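This is what each chain is made of:
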Amino acid sequence: METKNCNQWRGSSGMSLPGVMVAVSMVGILAMGVASMFEGMTKSQNMVEFRSRGDNLIEEIRAHLSQTKACMQTLSHVTLSTGAETAVNDIKNVDGSPLYAINTPYGGNTFTIARMTFNYTPGDTPSSTPNTGQGVLTFQVVAQKKVAGVSTLAPKMIGIRVVKNPSTGAIIECISLSKMTDGIWQRTANINDIYYGNGLVGIGLSNPQALLHIHSERTQGALIVSGFGDDNLTHSALYLGGEDEENLLDDSWVIAHKKLVGAPMAGAFQIQRWDGGMSSEAPMTVLKNMNVGLAGVFEPTTKLDVGGDTRIRGGLTADGTITAPLVVGTSDARLKSHVRPIVESVLDAIGSIVPVRFRWSRPSENLGADQIGVLAQNIEDIFPELVREANNIKSVDFSGMTSILIKGVQELRTENQQLRERLDKLEKQMSMGPSKE
(Lines give C-alpha, C1' and ligand atoms only; values in the text may rest on other atoms or scores of the structure.)
Protein backbone atom coordinates (compact mmCIF):
# COMPACT_ATOMS: atom_id res chain seq x y z
CA MET A 1 0.00 0.00 0.00
CA GLU A 2 1.32 3.35 -1.00
CA THR A 3 1.60 5.99 1.70
CA LYS A 4 1.30 9.75 0.93
CA ASN A 5 2.41 12.62 3.13
CA CYS A 6 0.21 15.60 3.87
CA ASN A 7 1.78 17.65 1.12
CA GLN A 8 0.72 15.07 -1.43
CA TRP A 9 -3.00 15.57 -0.55
CA ARG A 10 -4.07 18.35 -2.86
CA GLY A 11 -7.24 18.82 -4.69
CA SER A 12 -7.84 20.37 -8.03
CA SER A 13 -7.80 23.77 -6.34
CA GLY A 14 -4.30 23.15 -5.18
CA MET A 15 -5.23 23.29 -1.42
CA SER A 16 -3.59 20.82 0.91
CA LEU A 17 -5.56 18.75 3.39
CA PRO A 18 -4.65 20.92 6.40
CA GLY A 19 -5.75 24.00 4.49
CA VAL A 20 -9.05 22.39 3.70
CA MET A 21 -9.55 21.44 7.35
CA VAL A 22 -8.75 24.97 8.51
CA ALA A 23 -11.21 26.50 6.00
CA VAL A 24 -13.96 24.12 7.04
CA SER A 25 -13.37 25.03 10.70
CA MET A 26 -13.54 28.78 9.93
CA VAL A 27 -16.78 28.34 8.02
CA GLY A 28 -18.24 26.41 10.96
CA ILE A 29 -17.18 29.08 13.45
CA LEU A 30 -18.62 31.83 11.23
CA ALA A 31 -21.89 29.94 10.85
CA MET A 32 -22.15 29.48 14.61
CA GLY A 33 -21.50 33.19 15.12
CA VAL A 34 -24.16 34.20 12.61
CA ALA A 35 -26.62 31.76 14.15
CA SER A 36 -25.85 33.11 17.60
CA MET A 37 -26.28 36.69 16.38
CA PHE A 38 -29.67 35.92 14.81
CA GLU A 39 -30.75 34.07 17.95
CA GLY A 40 -29.78 37.10 20.05
CA MET A 41 -31.63 39.45 17.72
CA THR A 42 -34.67 37.19 17.87
CA LYS A 43 -34.53 37.06 21.67
CA SER A 44 -34.22 40.86 21.86
CA GLN A 45 -37.08 41.32 19.43
CA ASN A 46 -39.16 38.83 21.44
CA MET A 47 -38.31 40.72 24.64
CA VAL A 48 -39.55 44.04 23.21
CA GLU A 49 -42.70 42.35 21.95
CA PHE A 50 -43.09 40.56 25.30
CA ARG A 51 -42.87 43.78 27.34
CA SER A 52 -45.05 45.81 24.97
CA ARG A 53 -47.82 43.25 24.65
CA GLY A 54 -47.72 42.49 28.36
CA ASP A 55 -48.14 46.15 29.25
CA ASN A 56 -50.94 46.51 26.70
CA LEU A 57 -52.81 43.55 28.17
CA ILE A 58 -52.65 45.00 31.68
CA GLU A 59 -54.06 48.31 30.40
CA GLU A 60 -56.84 46.42 28.60
CA ILE A 61 -57.69 44.64 31.85
CA ARG A 62 -57.61 47.95 33.75
CA ALA A 63 -60.05 49.51 31.29
CA HIS A 64 -62.24 46.40 31.41
CA LEU A 65 -62.43 46.46 35.22
CA SER A 66 -63.52 50.11 35.15
CA GLN A 67 -66.92 48.56 34.51
CA THR A 68 -68.31 47.96 37.98
CA LYS A 69 -70.18 44.80 36.92
CA ALA A 70 -67.05 43.24 35.38
CA CYS A 71 -65.03 44.09 38.50
CA MET A 72 -67.71 42.59 40.74
CA GLN A 73 -67.85 39.38 38.69
CA THR A 74 -64.05 39.04 38.84
CA LEU A 75 -63.74 39.55 42.60
CA SER A 76 -67.08 38.09 43.71
CA HIS A 77 -65.32 35.23 45.55
CA VAL A 78 -63.00 37.55 47.51
CA THR A 79 -63.57 38.14 51.23
CA LEU A 80 -61.92 41.36 52.35
CA SER A 81 -59.58 41.21 55.31
CA THR A 82 -56.58 43.44 55.85
CA GLY A 83 -53.34 42.01 54.44
CA ALA A 84 -54.96 38.81 53.13
CA GLU A 85 -53.92 37.60 49.68
CA THR A 86 -56.53 35.89 47.53
CA ALA A 87 -55.84 34.00 44.30
CA VAL A 88 -57.77 35.14 41.22
CA ASN A 89 -58.14 32.59 38.42
CA ASP A 90 -59.57 34.79 35.69
CA ILE A 91 -60.83 38.23 34.71
CA LYS A 92 -64.53 37.96 33.97
CA ASN A 93 -66.97 39.67 31.62
CA VAL A 94 -70.02 41.49 32.98
CA ASP A 95 -72.04 38.30 32.45
CA GLY A 96 -69.60 36.21 34.49
CA SER A 97 -67.91 34.44 31.59
CA PRO A 98 -64.06 34.32 31.65
CA LEU A 99 -62.23 36.91 29.54
CA TYR A 100 -58.58 36.54 30.65
CA ALA A 101 -57.38 33.42 32.50
CA ILE A 102 -54.12 32.21 34.04
CA ASN A 103 -51.86 29.84 32.08
CA THR A 104 -53.51 30.85 28.81
CA PRO A 105 -51.30 32.24 25.98
CA TYR A 106 -51.91 35.86 24.98
CA GLY A 107 -50.28 38.43 22.73
CA GLY A 108 -49.84 36.16 19.72
CA ASN A 109 -48.53 33.33 21.97
CA THR A 110 -45.98 35.78 23.41
CA PHE A 111 -46.75 35.25 27.10
CA THR A 112 -49.08 33.81 29.70
CA ILE A 113 -50.42 35.15 32.99
CA ALA A 114 -48.88 32.72 35.45
CA ARG A 115 -50.51 34.12 38.57
CA MET A 116 -53.09 36.69 39.70
CA THR A 117 -53.61 37.74 43.32
CA PHE A 118 -55.65 40.38 45.17
CA ASN A 119 -54.57 42.18 48.36
CA TYR A 120 -56.76 44.58 50.38
CA THR A 121 -56.01 47.52 52.67
CA PRO A 122 -58.63 49.67 54.48
CA GLY A 123 -59.48 53.17 53.33
CA ASP A 124 -57.52 56.26 54.37
CA THR A 125 -60.42 57.68 56.37
CA PRO A 126 -62.09 54.73 58.13
CA SER A 127 -63.96 57.01 60.54
CA SER A 128 -66.00 58.56 57.73
CA THR A 129 -66.11 55.62 55.31
CA PRO A 130 -65.22 52.49 57.32
CA ASN A 131 -66.36 50.12 54.59
CA THR A 132 -64.43 51.72 51.74
CA GLY A 133 -60.83 50.82 50.94
CA GLN A 134 -58.46 49.93 48.14
CA GLY A 135 -57.02 46.71 46.86
CA VAL A 136 -54.23 45.75 44.48
CA LEU A 137 -54.67 43.17 41.72
CA THR A 138 -51.18 41.81 40.94
CA PHE A 139 -50.24 39.92 37.74
CA GLN A 140 -47.20 37.69 37.12
CA VAL A 141 -46.56 37.68 33.36
CA VAL A 142 -44.25 34.97 31.93
CA ALA A 143 -42.80 34.82 28.40
CA GLN A 144 -43.74 31.96 26.08
CA LYS A 145 -40.97 32.56 23.53
CA LYS A 146 -37.21 32.78 24.11
CA VAL A 147 -36.36 36.30 25.21
CA ALA A 148 -33.17 38.16 26.06
CA GLY A 149 -32.61 38.56 29.79
CA VAL A 150 -35.40 37.75 32.24
CA SER A 151 -38.38 35.75 31.04
CA THR A 152 -40.72 37.11 33.71
CA LEU A 153 -41.83 40.72 33.89
CA ALA A 154 -41.86 42.64 37.13
CA PRO A 155 -45.25 42.22 38.82
CA LYS A 156 -47.92 44.35 37.16
CA MET A 157 -50.48 45.97 39.45
CA ILE A 158 -53.93 47.49 39.06
CA GLY A 159 -55.48 49.53 41.86
CA ILE A 160 -59.04 48.55 42.77
CA ARG A 161 -61.44 50.73 44.77
CA VAL A 162 -63.77 48.56 46.85
CA VAL A 163 -66.76 48.83 49.16
CA LYS A 164 -67.39 45.86 51.43
CA ASN A 165 -70.28 44.46 53.41
CA PRO A 166 -69.40 45.35 57.03
CA SER A 167 -70.91 42.11 58.32
CA THR A 168 -69.54 39.51 55.88
CA GLY A 169 -66.53 41.31 54.41
CA ALA A 170 -67.79 40.51 50.90
CA ILE A 171 -67.23 43.05 48.13
CA ILE A 172 -70.47 44.82 47.25
CA GLU A 173 -68.97 47.31 44.77
CA CYS A 174 -65.60 47.80 43.05
CA ILE A 175 -63.93 49.56 40.13
CA SER A 176 -60.38 49.89 38.77
CA LEU A 177 -58.46 53.10 39.38
CA SER A 178 -55.65 55.03 37.72
CA LYS A 179 -52.10 53.74 37.13
CA MET A 180 -50.35 52.47 40.24
CA THR A 181 -47.21 54.38 39.23
CA ASP A 182 -49.15 57.63 39.40
CA GLY A 183 -50.82 56.77 42.67
CA ILE A 184 -54.46 55.89 43.15
CA TRP A 185 -56.82 58.80 42.62
CA GLN A 186 -59.67 58.33 45.02
CA ARG A 187 -62.53 60.02 46.81
CA THR A 188 -63.36 58.79 50.28
CA ALA A 189 -67.14 58.88 49.85
CA ASN A 190 -67.74 57.36 46.44
CA ILE A 191 -66.52 54.30 44.58
CA ASN A 192 -66.43 56.05 41.19
CA ASP A 193 -63.21 58.03 41.24
CA ILE A 194 -61.60 59.18 37.98
CA TYR A 195 -62.44 57.22 34.85
CA TYR A 196 -60.99 57.55 31.38
CA GLY A 197 -62.25 55.80 28.28
CA ASN A 198 -62.87 56.56 24.60
CA GLY A 199 -61.38 60.02 24.99
CA LEU A 200 -63.88 60.96 27.75
CA VAL A 201 -63.07 61.72 31.39
CA GLY A 202 -65.54 61.06 34.17
CA ILE A 203 -65.13 62.27 37.75
CA GLY A 204 -67.53 60.58 40.12
CA LEU A 205 -68.96 58.27 37.45
CA SER A 206 -67.67 55.57 35.12
CA ASN A 207 -69.75 56.39 32.02
CA PRO A 208 -68.95 60.02 31.08
CA GLN A 209 -71.07 61.57 28.33
CA ALA A 210 -68.76 64.51 27.54
CA LEU A 211 -65.03 65.28 27.33
CA LEU A 212 -65.25 66.09 31.05
CA HIS A 213 -68.26 64.83 32.98
CA ILE A 214 -68.43 65.53 36.72
CA HIS A 215 -70.98 63.91 39.01
CA SER A 216 -71.21 64.59 42.73
CA GLU A 217 -73.63 63.90 45.53
CA ARG A 218 -71.69 66.11 47.94
CA THR A 219 -73.49 69.10 49.44
CA GLN A 220 -70.57 71.33 48.39
CA GLY A 221 -71.29 70.55 44.72
CA ALA A 222 -69.20 69.01 41.95
CA LEU A 223 -66.76 71.81 41.12
CA ILE A 224 -65.04 74.45 43.25
CA VAL A 225 -62.82 77.10 41.65
CA SER A 226 -60.72 79.12 44.07
CA GLY A 227 -57.72 81.39 43.85
CA PHE A 228 -55.81 84.16 45.58
CA GLY A 229 -54.76 86.84 43.10
CA ASP A 230 -51.99 89.29 43.88
CA ASP A 231 -54.07 92.23 42.73
CA ASN A 232 -57.23 93.60 44.27
CA LEU A 233 -59.45 92.72 41.34
CA THR A 234 -60.28 89.06 40.86
CA HIS A 235 -60.23 86.40 43.57
CA SER A 236 -60.92 83.47 41.22
CA ALA A 237 -62.23 83.08 37.70
CA LEU A 238 -63.35 80.51 35.15
CA TYR A 239 -62.65 81.31 31.48
CA LEU A 240 -64.76 79.94 28.62
CA GLY A 241 -62.46 80.28 25.62
CA GLY A 242 -63.28 81.57 22.15
CA GLU A 243 -62.63 79.98 18.76
CA ASP A 244 -59.06 81.21 18.25
CA GLU A 245 -56.86 78.19 19.07
CA GLU A 246 -53.72 80.32 19.37
CA ASN A 247 -55.33 82.93 21.63
CA LEU A 248 -57.96 80.99 23.54
CA LEU A 249 -58.75 83.81 25.96
CA ASP A 250 -59.49 86.33 23.22
CA ASP A 251 -63.20 86.81 22.67
CA SER A 252 -64.02 84.61 25.66
CA TRP A 253 -66.38 84.77 28.61
CA VAL A 254 -65.16 85.13 32.19
CA ILE A 255 -67.09 83.98 35.25
CA ALA A 256 -65.36 85.71 38.14
CA HIS A 257 -65.46 86.16 41.88
CA LYS A 258 -64.44 89.79 42.42
CA LYS A 259 -62.06 90.64 45.24
CA LEU A 260 -62.18 94.46 45.48
CA VAL A 261 -61.61 94.66 49.23
CA GLY A 262 -63.50 97.54 50.81
CA ALA A 263 -65.50 98.37 47.66
CA PRO A 264 -69.28 97.97 47.30
CA MET A 265 -68.56 95.18 44.79
CA ALA A 266 -66.36 93.20 47.23
CA GLY A 267 -67.13 89.49 46.91
CA ALA A 268 -69.39 89.97 43.87
CA PHE A 269 -70.08 87.29 41.27
CA GLN A 270 -69.69 88.61 37.74
CA ILE A 271 -69.90 87.49 34.11
CA GLN A 272 -67.77 89.60 31.75
CA ARG A 273 -66.36 89.59 28.25
CA TRP A 274 -62.61 89.18 27.77
CA ASP A 275 -60.96 90.44 24.60
CA GLY A 276 -57.33 91.04 25.50
CA GLY A 277 -58.54 92.57 28.76
CA MET A 278 -61.56 92.63 31.04
CA SER A 279 -64.50 94.42 29.41
CA SER A 280 -65.76 97.56 31.12
CA GLU A 281 -69.33 96.39 30.49
CA ALA A 282 -70.43 93.36 32.47
CA PRO A 283 -73.57 91.55 31.29
CA MET A 284 -74.29 90.49 34.87
CA THR A 285 -73.12 91.36 38.38
CA VAL A 286 -74.44 89.79 41.59
CA LEU A 287 -73.49 91.47 44.86
CA LYS A 288 -73.21 89.71 48.21
CA ASN A 289 -76.57 91.26 49.21
CA MET A 290 -78.06 89.43 46.17
CA ASN A 291 -78.70 92.63 44.19
CA VAL A 292 -78.40 91.79 40.49
CA GLY A 293 -77.11 94.25 37.92
CA LEU A 294 -77.51 93.68 34.17
CA ALA A 295 -76.10 95.39 31.07
CA GLY A 296 -73.18 97.21 32.66
CA VAL A 297 -74.63 97.95 36.11
CA PHE A 298 -71.69 97.15 38.41
CA GLU A 299 -73.25 98.32 41.67
CA PRO A 300 -76.97 97.47 41.55
CA THR A 301 -79.00 99.30 44.18
CA THR A 302 -82.10 97.09 43.90
CA LYS A 303 -82.69 93.37 43.57
CA LEU A 304 -82.74 93.83 39.78
CA ASP A 305 -81.01 96.86 38.26
CA VAL A 306 -80.93 96.96 34.43
CA GLY A 307 -78.79 99.46 32.53
CA GLY A 308 -80.79 99.54 29.32
CA ASP A 309 -84.09 98.79 27.61
CA THR A 310 -85.83 95.66 28.83
CA ARG A 311 -88.32 93.45 27.06
CA ILE A 312 -90.49 90.93 28.91
CA ARG A 313 -91.96 88.28 26.64
CA GLY A 314 -94.38 87.00 29.26
CA GLY A 315 -96.43 88.32 32.12
CA LEU A 316 -95.06 90.50 34.91
CA THR A 317 -96.35 90.16 38.46
CA ALA A 318 -95.30 92.55 41.22
CA ASP A 319 -96.25 92.46 44.90
CA GLY A 320 -95.11 96.03 45.47
CA THR A 321 -95.11 99.41 43.78
CA ILE A 322 -94.00 99.86 40.18
CA THR A 323 -92.50 103.33 39.71
CA ALA A 324 -91.77 104.88 36.31
CA PRO A 325 -91.79 108.41 34.89
CA LEU A 326 -93.56 107.15 31.78
CA VAL A 327 -95.61 104.02 31.17
CA VAL A 328 -96.91 103.31 27.67
CA GLY A 329 -98.77 100.35 26.21
CA THR A 330 -98.50 98.94 22.71
CA SER A 331 -101.53 100.01 20.66
CA ASP A 332 -100.44 99.79 17.02
CA ALA A 333 -103.38 99.18 14.69
CA ARG A 334 -101.16 96.89 12.61
CA LEU A 335 -100.98 94.52 15.56
CA LYS A 336 -104.75 94.30 16.06
CA SER A 337 -107.54 92.40 14.34
CA HIS A 338 -111.35 92.19 14.61
CA VAL A 339 -111.44 95.93 15.39
CA ARG A 340 -114.97 97.29 15.92
CA PRO A 341 -116.35 100.38 17.73
CA ILE A 342 -118.23 100.23 21.03
CA VAL A 343 -121.73 101.21 20.03
CA GLU A 344 -123.68 100.44 23.18
CA SER A 345 -124.09 103.06 25.90
CA VAL A 346 -121.66 102.73 28.81
CA LEU A 347 -122.88 105.53 31.07
CA ASP A 348 -125.26 103.33 33.05
CA ALA A 349 -122.56 100.66 33.32
CA ILE A 350 -120.02 103.21 34.54
CA GLY A 351 -122.58 104.29 37.11
CA SER A 352 -122.55 100.72 38.46
CA ILE A 353 -118.82 100.80 39.19
CA VAL A 354 -118.21 101.27 42.90
CA PRO A 355 -115.05 103.25 43.75
CA VAL A 356 -113.62 102.15 47.10
CA ARG A 357 -110.97 102.94 49.68
CA PHE A 358 -109.03 99.91 50.94
CA ARG A 359 -105.82 98.42 52.32
CA TRP A 360 -104.05 95.36 50.94
CA SER A 361 -104.44 92.32 53.21
CA ARG A 362 -101.16 90.60 52.22
CA PRO A 363 -98.14 91.99 54.17
CA SER A 364 -95.99 92.15 51.03
CA GLU A 365 -98.48 94.50 49.40
CA ASN A 366 -99.59 96.51 52.44
CA LEU A 367 -98.27 100.05 52.01
CA GLY A 368 -99.47 101.14 55.45
CA ALA A 369 -102.04 103.62 54.10
CA ASP A 370 -105.48 103.64 52.47
CA GLN A 371 -105.59 103.11 48.72
CA ILE A 372 -108.27 104.14 46.24
CA GLY A 373 -109.39 101.84 43.48
CA VAL A 374 -112.01 99.33 42.39
CA LEU A 375 -112.79 95.68 43.03
CA ALA A 376 -112.09 93.26 40.19
CA GLN A 377 -115.22 91.24 41.02
CA ASN A 378 -117.36 94.40 40.66
CA ILE A 379 -115.76 95.24 37.29
CA GLU A 380 -116.12 91.62 36.13
CA ASP A 381 -119.90 91.79 36.56
CA ILE A 382 -120.04 94.90 34.36
CA PHE A 383 -117.11 94.67 31.94
CA PRO A 384 -115.80 91.05 32.03
CA GLU A 385 -113.32 91.85 29.20
CA LEU A 386 -111.37 94.08 31.61
CA VAL A 387 -110.65 91.34 34.18
CA ARG A 388 -107.76 88.85 34.03
CA GLU A 389 -107.10 85.92 36.34
CA ALA A 390 -103.79 84.18 37.07
CA ASN A 391 -102.95 81.90 40.01
CA ASN A 392 -106.51 82.40 41.25
CA ILE A 393 -105.93 86.17 41.58
CA LYS A 394 -108.09 88.63 39.63
CA SER A 395 -106.65 91.79 38.06
CA VAL A 396 -108.15 94.75 36.20
CA ASP A 397 -107.00 96.04 32.81
CA PHE A 398 -106.97 99.76 33.61
CA SER A 399 -105.76 100.67 30.13
CA GLY A 400 -108.97 99.10 28.81
CA MET A 401 -110.89 100.95 31.49
CA THR A 402 -109.58 104.18 29.97
CA SER A 403 -111.36 103.35 26.70
CA ILE A 404 -114.62 102.85 28.59
CA LEU A 405 -114.22 106.21 30.30
CA ILE A 406 -113.46 107.86 26.93
CA LYS A 407 -116.69 106.35 25.53
CA GLY A 408 -118.57 107.63 28.61
CA VAL A 409 -117.15 111.15 28.14
CA GLN A 410 -118.19 111.03 24.48
CA GLU A 411 -121.73 110.05 25.49
CA LEU A 412 -121.83 112.88 28.05
CA ARG A 413 -120.63 115.30 25.36
CA THR A 414 -123.44 114.20 23.08
CA GLU A 415 -126.02 114.56 25.83
CA ASN A 416 -124.57 117.94 26.80
CA GLN A 417 -124.77 119.07 23.18
CA GLN A 418 -128.41 118.01 22.98
CA LEU A 419 -129.23 119.76 26.26
CA ARG A 420 -127.47 122.93 25.06
CA GLU A 421 -129.46 122.92 21.85
CA ARG A 422 -132.71 122.58 23.83
CA LEU A 423 -131.65 125.33 26.22
CA ASP A 424 -130.79 127.67 23.35
CA LYS A 425 -134.19 127.03 21.81
CA LEU A 426 -136.01 127.76 25.09
CA GLU A 427 -134.01 130.95 25.69
CA LYS A 428 -134.83 132.14 22.18
CA GLN A 429 -138.53 131.53 22.72
CA MET A 430 -138.51 133.37 26.05
CA SER A 431 -136.78 136.43 24.56
CA MET A 432 -139.51 136.73 21.92
CA GLY A 433 -142.24 136.89 24.61
CA PRO A 434 -145.45 134.91 24.80
CA SER A 435 -147.02 134.02 21.51
CA LYS A 436 -150.32 135.85 20.52
CA GLU A 437 -153.21 133.74 19.44
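Everything numeric here is computed off the predicted structure, so don't read it as measured data.

Concerning the overall build of the chain
Helix and strand counts for the chain stand at five helices and 21 strands. Contacts in the chain between residues far apart in sequence, at least 24 positions, make up 41% of those at least 6 positions apart. Of the roughly 29,900 Å² that the chain leaves accessible, carbon and sulfur atoms contribute 56%.

Topic: the packing of aromatic side chains
For the structure shown, the criterion picks out one aromatic pair. Consider the rings of Phe-358 and Trp-360, whose centres lie 5.2 Å apart with planes at 85°: the pair is edge-to-face. By relative accessible area, which is 21% here, Phe-358 ends up partly exposed.

Some points on the side chain of Lys-92
Looking at where Lys-92 falls in the secondary structure, it is placed in strand β2 (residues 90-92). For Lys-92, the residues in contact, after removing those within four places along its chain, are His-64, Ala-70, Gln-73, Thr-74, Ser-97, Pro-98 and Leu-99.

Some details on the state of the cysteines
A full pass over the atoms with the stated rule returns one disulfide. Across the disulfide from Cys-71 sits Cys-174; the S-S distance is 2.2 Å. Between Cys-71 and Cys-174, the S-S dihedral sits near -130°, and the bridge is therefore left-handed. In this pair, Cys-71 is assigned in helix α2 (residues 68-74) and Cys-174 in strand β8 (residues 171-179), connecting sequence segments 103 residues apart. By relative accessible area, which is 0% here, Cys-71 ends up buried.

What about the nonpolar core?
Ile-61, Leu-75, Phe-118, Leu-137, Phe-139 and Ile-160 are the most contacted members of the largest nonpolar core, which has 25 residues in total. Mapped by element, the contributors of at least two residues to this core are α1 (17-64), β5 (111-122), β6 (132-143), β7 (156-164) and β8. With five residues, the single largest contributor to this core is β5. With residues up to four places along the chain from it excluded, the contact list for Phe-139 reads Ile-58, Ile-61, Ile-91, Ile-113, Arg-115, Met-116, Pro-155, Lys-156 and Ile-158. Core analysis: the next-biggest nonpolar cluster, separate from the first, contains eleven residues, Ala-376, Ile-379, Val-387 and Ile-404 among them.

Some remarks on the pattern of salt bridges
A full pass over the atoms with the stated rule returns nine salt bridges. Its salt-bridge partner being Asp-90, residue Lys-92 comes within 3.1 Å of it at the nearest N-O pair. Accessibility classification places Lys-92 together with Asp-90 in one group, the buried group. Here Asp-397 and Arg-388 are joined by a salt bridge, their closest N and O atoms 3.6 Å apart. Salt bridges linked by common partners bring Glu-380, Glu-389 and Lys-394 together as one network.

Topic: the pairing of strand β21 (residues 393-396)
As judged from the four bridges shared by strand β20 (residues 387-390) and β21, these two strands associate in the antiparallel manner. Bridge assignment links Glu-389 to a residue of β21, and that residue is Lys-394. Here β20 hands over to β21 after two residues, with Asn-391 in that stretch at a positive phi of 55°.

Quick look at the side chain of Asp-90
Among the secondary structure elements, Asp-90 is positioned in strand β2. Here Lys-92 takes part through its side chain, which lies 3.1 Å from a polar atom of the side chain of Asp-90. Excluding residues within four positions of it along the chain, Asp-90 makes contact with Thr-74, Pro-98, Tyr-100, Ala-101 and Met-116.

Some remarks on helix α5 (residues 398-431)
A rise of 1.5 Å per residue sets the reference length of α5, with its 34 residues, at 50 Å; its end C-alpha atoms lie 48 Å apart and thus fit the reference within 8%. Within the span of α5, buried status applies to Gly-400, Met-401, Ile-404, Lys-407, Gly-408 and Glu-411.

Considerations on unusual backbone geometry
Phi is positive for Met-290, close to 75°, though the residue is something other than glycine. With respect to the secondary-structure elements, Met-290 resides in the loop between β15 (284-286) and β16 (292-294). Phi angles above zero are rare outside glycine, and Asn-392 is one such case at about 65°. Residue position: Asn-392 is located in the loop between β20 and β21.

Section: the pairing of strand β3 (residues 98-101)
Direction of pairing for β2 relative to β3: antiparallel, over a ladder of three bridges. Bridge pairing links Lys-92 to Pro-98 in β3. Remark: five residues form the turn of the hairpin made by β2 and β3, two consecutive strands paired antiparallel; Gly-96 in that turn has positive phi of roughly 95°.

Description of a nonpolar patch on the surface
Together, Leu-223, Val-225, Leu-238, Leu-240 and Trp-253 line one region of the surface with nonpolar side chains, adding up to about 440 Å² of accessible area. Looking at where Leu-238 falls in the secondary structure, it is placed in strand β12 (residues 234-240). A relative accessible area of 36% places Leu-238 in the partly exposed class.

Some points on the confidence of the model for the chain
Per-residue confidence for the chain gives a mean pLDDT of 75; residues scoring 70 or more make up 67%. For the chain, the element scoring lowest by mean pLDDT is α1, at 64; helix α4 (residues 376-382) scores highest, at 94. The low-confidence segment residues 124-128, where pLDDT is below 50, has two contacts with residues more than four positions distant or belonging to other chains. Under a pLDDT of 50 for its full length, residues 179-192 has, in the predicted model, 42 contacts with residues more than four places off or in other chains.

So, how was this worked out
- Residues numbered from 1 in each chain as written.
- Predicted model: local features only at pLDDT ≥ 70, side-chain atom pairs only at ≥ 80, totals over all residues.
- Heavy atoms only, no water.
- Helix = DSSP H or I, 4+ residues; strand = E, 2+ residues; numbered from the N terminus.
- Contact = heavy atoms within 4.5 Å.
- Areas by Shrake-Rupley, 256 points an atom, 1.4 Å probe, with all protein chains shown as cover.
- Phe/Tyr/Trp six-rings, centres within 6.5 Å; stacked < 30°, edge-to-face > 60°.
- Buried < 20%, exposed > 50% of the residue type's maximum accessible area, 1.4 Å probe, protein only.
- Disulfide = S-S within 2.5 Å.
- Core = buried A, V, L, I, M, F, W, Y, C linked by side-chain atoms within 4.5 Å.
- Salt bridge = Lys/Arg side-chain N within 4 Å of Asp/Glu carboxyl O.
- Pairing = 2+ DSSP bridges.
- Polar contact = N/O pair within 3.5 Å; in protein donor to acceptor, adjacent residues only side chain to side chain.
- Expected span 1.5 Å × (residues − 1).
- Patch = residues over 30% accessible without salt bridge, like charges linked within 9 Å, V, L, I, M, F, W, Y side chains within 5 Å.
- pLDDT = per-residue confidence, 0-100.

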